[in-house]
Amino acid sequence: DRRRPGLDAPALPRPLPRRTSAAVLGRLLHGPPPRGADHRRPWQARRAGDADGHDRGAKVIATALRDAGMEVIYTGLRQSPEMVVQAALQEDVDAIGISILSGAHMTVFPKVYQLMQEKGLKDVLLTGGGIIPEEDNQQLQDMGIGHLFAPGTNTTDIAAYIRTWVAANRKS
């Protein structure tokens, strides 16, 4: 999408948001990279020009996970659930993290999870965060979605959770 900021068509009301806030896809690195190899893929920011800071939290998490030794692919803002799952499938990720501040968590997370199940990504963690009420968080976890983190969560706790989940659930 190469539209300039401010030139986007007005948003139309719809029952399911077509785009999520931001997605961070990741793969745990097992052992050190080969000597001289660049083991980190570049971030894939597919949407540029959103300078309102809405994706700042996702970028902080992406950087923290990278610094914790994970390969991170940042997909950028306004990715549809289908785009997120397709990228996860193509990249063979261990985890998908979605940041949502819009209040659409009860539609976006279930939709991404449903698509993951349909595409056979049953051993991939779906986690994320944002401003999510505790009762919604519990309902999403009951559906099979991983822990959702509130703003201010220590990034080492997030990295530890992902590592623990992947070690217990991911099939090689």
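Residues numbered from 1 in each chain as written. Predicted model: local features only at pLDDT ≥ 70, side-chain atom pairs only at ≥ 80, totals over all residues. Heavy atoms only, no water.

## Digging into the overall build of the protein
Here comes step 1: Helix and strand content of the protein: five helices and five strands.
Here comes step 2: Taking contacts inside the protein between residues at least 6 apart in sequence as the whole, the part at least 24 apart equals 77%.
Here comes step 3: Per element, the accessible surface of the protein, about 9,800 Å² overall, is 52% carbon and sulfur. (Helix = DSSP H or I, 4+ residues; strand = E, 2+ residues; numbered from the N terminus. Contact = heavy atoms within 4.5 Å. Areas by Shrake-Rupley, 256 points an atom, 1.4 Å probe, with all protein chains shown as cover.)

## A few points about the packing of aromatic side chains
Here comes step 1: In the structure shown here, the tally under the stated rule is one aromatic pair.
Here comes step 2: Ring centres of Phe-149 and Tyr-161 lie 5.6 Å apart, and the angle between their planes is 70°; on these two criteria the pair is classed as edge-to-face. Placement of Phe-149 in strand β5 (residues 148–149) and of Tyr-161 in helix α5 (residues 155–169) is noted, with a sequence separation of 12 residues between them. (Phe/Tyr/Trp six-rings, centres within 6.5 Å; stacked < 30°, edge-to-face > 60°.)

## Some details on helix α3 (residues 105–118)
Here comes step 1: Its 14 residues place the ends of α3 20 Å apart at the C-alpha level, agreeing with the 20 Å of an ideal helix rising 1.5 Å per residue.
Here comes step 2: For α3, the complete set of buried residues consists of His-105, Val-108, Phe-109, Lys-111, Val-112, Leu-115 and Met-116. Along α3, the residues classed as buried sweep out an arc of 160° about the axis, all on the same side.
Here comes step 3: One or two steps after α3, the chain reaches Gly-120, where phi turns positive at roughly 85°. (Expected span 1.5 Å × (residues − 1). Buried < 20%, exposed > 50% of the residue type's maximum accessible area, 1.4 Å probe, protein only. Arc of directions from axis to C-beta.)

## Let's talk about the packing of α3 against helix α4 (residues 134–143)
Here comes step 1: Between α3 and α4, the least distance of the axes is 11 Å, while the angle of their chain directions is 10°. The angle between α3 and α4 places the two elements in the roughly parallel class. Our pair here, α3 against α4, has a crossing hand that is right-handed. The residues of α4 that touch α3, namely those facing His-105, Met-106, Phe-109, Pro-110 and Tyr-113, are Asp-136, Gln-139, Leu-140 and Met-143.
Here comes step 2: Residues of the contact of α3 with α4, tallied by class, amount to six nonpolar, two polar and one charged. (Axes fitted to C-alpha atoms, helices over the stretch in contact; angles between N-to-C directions. Parallel < 35°, antiparallel > 145°, perpendicular 65-115°, else oblique. Left-handed = near helix turned anticlockwise from the far one by under 90°. Nonpolar A, V, L, I, M, F, W, Y, C, P; charged D, E, K, R; others polar.)

## Considering the environment of Gly-146
Here comes step 1: Considering the arrangement of structural elements, one finds Gly-146 in the loop between α4 and β5.
Here comes step 2: Remark: the alpha-carbon pair of Gly-146 and Ile-162, spanning 16 residues in sequence, is separated by 9.3 Å.

## Looking at the pairing of strand β4 (residues 125–130)
Here comes step 1: Counting buried positions over the six residues of β4 gives six, a clear majority of the element.
Here comes step 2: What you see with β4 is no split at all: Leu-125, Thr-127 and Gly-129 on one side and Leu-126, Gly-128 and Gly-130 on the other are buried throughout.
Here comes step 3: When strand β3 (residues 95–100) meets β4, the two strands line up parallel, connected through six bridges. The partner of Gly-97 across the bridge, within β4, is Thr-127.
Here comes step 4: For the crossover from β3 across α3 to β4, the handedness is right-handed.
Here comes step 5: In this sheet, β5 lies alongside β4 in parallel orientation, the contact comprising two bridges. Note that in β5 the partner of Gly-128 across the bridge is Leu-148.
Here comes step 6: As for the winding sense of the linkage, the β-α-β connection from β4 through α4 to β5 is right-handed. (Pairing = 2+ DSSP bridges. Right-handed = clockwise from strand over helix to strand, strands pointing away.)

## Thoughts on helix α2 (residues 81–91)
Here comes step 1: Every buried residue of α2 is listed here: Pro-81, Val-84, Val-85, Ala-87, Ala-88 and Glu-91. Mapping the buried residues of α2 onto a view down its axis gives an arc of 160°, with all of them on the same face.

## Looking at the confidence of the model for the protein
Here comes step 1: When pLDDT is averaged along the protein, the result is 75; 68% of the residues meet or exceed 70.
Here comes step 2: By mean pLDDT, strand β1 (residues 20–28) is the weakest element of the protein at 56, and α4 is the strongest at 95.
Here comes step 3: Ignoring residues within four places in sequence, the model shows residues 1–21, a span with pLDDT below 50, making 36 contacts including any to other chains.
Here comes step 4: Within the model, pLDDT remains below 50 along residues 30–52, and this stretch shows 37 contacts once partners closer than five positions in the same chain are excluded. (pLDDT = per-residue confidence, 0-100.)

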